[in-house]
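# Structure at a glance
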Amino acid sequence: MAFSASVRRLLISSPGDVPRGDLLIVQQSINRWNGVYGEQFGSIIMPISWGTHAAAEFGQPPQKILNRQLVDKCDACIAIFANRLGTPTDLHESGTAEEIHRLSESGKHVSVLRCRRPVDVGGIDLAQATRLDEYIAKIESAALILDYSTDADLARHVETILVAAVSREEARNDFQLEYLSGREPVAEVWPRVDAVDHSGKRNWYLVLNNTGDGAARDVRVETKADSPNGHAWDIITEREETGPDLPVLAPRSEARFRIAANLVSAPQVSCKVPGPTPGESRRTSPVFG
């Protein structure tokens, strides 16, 4: 019998060395989840990948096109690594690294898996393997990264991830519905960094994205260096002496602020967007340069 369900887009992100058989297992696990749990959760998972869903396009770097076409429209992500990190983008160590960062910064559920199947050591690119280990070491303080070495391990991880991702989204929707039923809509402000090339010069911008259904008011931005040897970034706004950096950020909209960075600026900072009440914070999340 038919049932009503929300369709949630799940990005499957991975470098090219992840076995095709593993990606097939992920697809099969999603199909099984839809059949077993879809009606119970009122959700259907739609797997999204650049190889299947991206459209050829000219005019921008490939990752920017993928971000606009696919990544920013997804509700969650499963990222899988094996022994390669992948090709660097303008902003991050690789396309998969950028997708992890972009979706997590938008408040989406992101899970990272590592393939530990036996491989021929002679076929491993040592430079790529070293870059991957360095990247994993960088993010593991903020992520639970799970290994798998068998088909059963991978299928089990995928099922657990889907339950956790959909449950989180359901809880978030219930929270928003509570506000919509008798209170002000919720504002959710997420920071990220974008780069724009102009006349041979790269300009960096802090972007505040309000993904909520309510307006964010009296938005103030604070940055703090995540390393003792670096300085926090200066954010150029039209802020008056005692006023907010942004009086109002409309629902489902963005605001851009120029970043004034120099040689002593930290490569990574934490960006805090406090709420209207002193001591209250809407979101605190890392912003990578």
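Since the model is a prediction, treat every value here as computed from it, not as a measurement.

### Describing the environment of Phe3
- If you trace the backbone, Phe3 turns up in the segment before β1 (6-13).
- Overall, Phe3 belongs to the partly exposed group, its relative accessible area being 36%.
- Among residues more than four places away in sequence, those in contact with Phe3 are Gly38, Glu39 and Ile44.

### Some points on the sheet that holds β1
- As summarised here, the arrangement of the five strands in space is β2-β1-β3-β4-β5, forming an open sheet in which the pairing is parallel. One side of each edge strand has no neighbouring strand; the edge strands of this open sheet are β2 (43-48) and β5 (145-148). Averaged over all adjacent pairs, the angle separating strand axes in this sheet is 25°, with direction ignored.
- Set on the sheet, helix α1 (residues 20-41) makes contact with β1, β2, β3 (76-81), β4 (109-115) and β5; between it and β2 the angle comes to about 165°.
- Against the sheet, helix α4 (residues 95-105) contacts β1, β3 and β4, and its axis sits at roughly 150° relative to β3.

### Some thoughts on the pairing of β1
- As judged from the six bridges shared by β1 and β2, these two strands associate in the parallel manner. Residue pairing across strands places Val7 opposite Ile44, the latter belonging to β2.
- Pairing of β1 with β3 involves four bridges; the strand directions are parallel. Paired with Ile12 across the two strands is Ile78, which belongs to β3.

### Regarding the confidence of the model for the chain
- Chain-level pLDDT for the chain is 82 on average; 79% of the residues reach the 70-or-more range.
- Here strand β14 (residues 281-288) stands out as the element of the chain with the lowest mean pLDDT, 40, in contrast to β3, whose mean of 96 is the highest.
- Per-residue pLDDT stays below 50 along residues 276-289; that stretch engages in 51 contacts with residues further than four places along the chain or on separate chains.

### Structural notes on the packing of aromatic side chains
- The full count for this structure, using the stated rule, is four aromatic pairs.
- With a centroid separation of 5.7 Å and an interplanar angle of 35°, the aromatic rings of Trp33 and Tyr37 are classed as tilted. Taken together, the positions of Trp33 and Tyr37, both in helix α1 and four residues apart, correspond to about one turn of that helix.
- Look at Trp33 and you get buried, because its relative accessible area is 1%.
- For the pair Trp33 and Phe41, a centre-to-centre distance of 5.5 Å together with 35° between the ring planes defines the contact as tilted.
- Within the aromatic cluster, the residues linked to one another by ring pairs are Trp33, Tyr37 and Phe41.

### Here's the deal with the environment of Thr223
- Following the sequence through the fold, Thr223 ends up in strand β9 (residues 222-225).
- In this structure the C-alpha to C-alpha distance between Thr223 and Ile235, which are 12 residues apart in sequence, comes to 8.3 Å.

### A word on the nonpolar core
- With 23 residues, the main nonpolar core has Leu10, Ile30 and Ile78 as its most contacted residues.
- At the level of secondary structure, the elements contributing two or more residues to this core comprise β1, α1, β3, β4 and α6 (151-182).
- Ignoring any residue separated from it by four or fewer positions in sequence, one finds Ile78 in contact with Leu10, Leu11, Ile12, Ser13, Ser111, Leu113, Val158 and Ile161.
- In this structure, Cys74, Ala79, Leu85 and Ile139 belong to the second largest nonpolar core, which totals 19 residues.

### Here's the deal with the state of the cysteines
- If you walk through the whole model with that rule in mind, you get zero disulfides.
- Here Cys74 stays unpaired: no disulfide links it, and the sulfur of Cys77, its closest cysteine neighbor, is 7.7 Å away.
- Relative accessible area serves as the criterion here: at 1%, Cys74 is assigned to the buried category.

Conventions and cut-offs
- Residues numbered from 1 in each chain as written.
- Predicted model: local features only at pLDDT ≥ 70, side-chain atom pairs only at ≥ 80, totals over all residues.
- Heavy atoms only, no water.
- Helix = DSSP H or I, 4+ residues; strand = E, 2+ residues; numbered from the N terminus.
- Buried < 20%, exposed > 50% of the residue type's maximum accessible area, 1.4 Å probe, protein only.
- Contact = heavy atoms within 4.5 Å.
- Pairing = 2+ DSSP bridges.
- Axes fitted to C-alpha atoms, helices over the stretch in contact; angles between N-to-C directions.
- pLDDT = per-residue confidence, 0-100.
- Phe/Tyr/Trp six-rings, centres within 6.5 Å; stacked < 30°, edge-to-face > 60°.
- Core = buried A, V, L, I, M, F, W, Y, C linked by side-chain atoms within 4.5 Å.
- Disulfide = S-S within 2.5 Å.

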